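# Fold and geometry: a report
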Amino acid sequence: MGDESLKRVGSYPWPRSIYGKFLREIWPLGVKVVGFDIMFLDPSTQVEDQSLIDTVREAGAKVVLGGPVQSDTEEWKLKTQWTFGFPFEKLNKVAKSFGLVTQAFIDKDGSVRLVPFLMGRSGDPQLQDTWLTDPERQATFGCKVLSVFEGKSPDEYPKALGANQIRLN
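Residues numbered from 1 in each chain as written. Predicted model: local features only at pLDDT ≥ 70, side-chain atom pairs only at ≥ 80, totals over all residues. Heavy atoms only, no water.

### A few points about the environment of L41
Quick note on the threshold: Strands here mean DSSP runs of E at least two residues long; helices mean DSSP runs of H or I at least four residues long; both are numbered from the N terminus.
The topology assignment puts L41 in the loop between strand 1 (34–36) and helix 3 (46–59). Sequence separation between L41 and L91 is 50 residues, and the spatial gap between their C-alpha atoms is 9.1 Å.

Here is the structure:
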């Protein structure tokens, strides 16, 4: 969302029908996947929500919705339980693709250099391999968008690289 978008659509938050209109206009251009790291956690108006629900249903897996991760402690390195936030119920029921929007590993200087592919609900983040077998694991947002684009399972990336994280440049 940039200045031009704000001029054309107005101030944020935008009506949810705007996202539906956007999606309907870009699919004919050959777009393979769209990821929304906007948290549609709560419902808005019935008309606006239904517009988004219909568009996400029509798009199937090509629309990746994001949700937050919350922890039972302030220190990521000490966390043992995570709660995943999902889109509001009616949207979540039709969504085929979902990814966690998280900065799980924040270095002491505040930078994010490592990003996990998958996160589980429990376990030591220093021993992320436990997340690979967690039946409630979820792909992180970037991993899910990439997996839809490439037509792969998110589980394939940690297997291929031998680690459940990737270093960012």
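We are not done yet, so read on.
### Describing the pattern of salt bridges
This is how the line gets drawn: Any carboxyl oxygen of Asp or Glu that lies within 4 Å of a side-chain nitrogen of Lys or Arg is treated as forming a salt bridge with it. The cut-offs for exposure are 20% and 50% of the maximum accessible area for each residue type, with area from a 1.4 Å probe on protein chains only; residues under the lower value are buried, those over the upper are exposed, and the others partly exposed.
Counted under the stated rule, the structure contains eight salt bridges. In this structure, the salt-bridge partner of D49 is R16, at a minimum N-O distance of 2.7 Å. In this pair, D49 sits in helix 3 while R16 sits in helix 2 (residues 16–26), placing the two residues 33 residues apart along the sequence. There is no split in this pair, since D49 and R16 are both buried. Linking E136 and R121 is a salt bridge whose minimum nitrogen-to-oxygen distance equals 2.9 Å. With E136 in the loop between helix 5 (129–132) and strand 8 (138–139) and R121 in the loop between strand 7 (118–119) and helix 5, this residue pair connects regions lying 15 residues apart in the sequence. We classify E136 as partly exposed; its relative accessible area is 45%.

### What about the pairing of strand 4 (residues 97–101)?
The condition that has to hold: When DSSP locates at least two bridges between a pair of strands, those strands are taken to pair.
Burial runs high along strand 4: four of the five residues are buried. Inspection of the sheet shows strand 2 (residues 63–71) paired to strand 4 by five bridges, in the parallel sense. Note on strand 4: the bridge partner recorded for V64 is S97.

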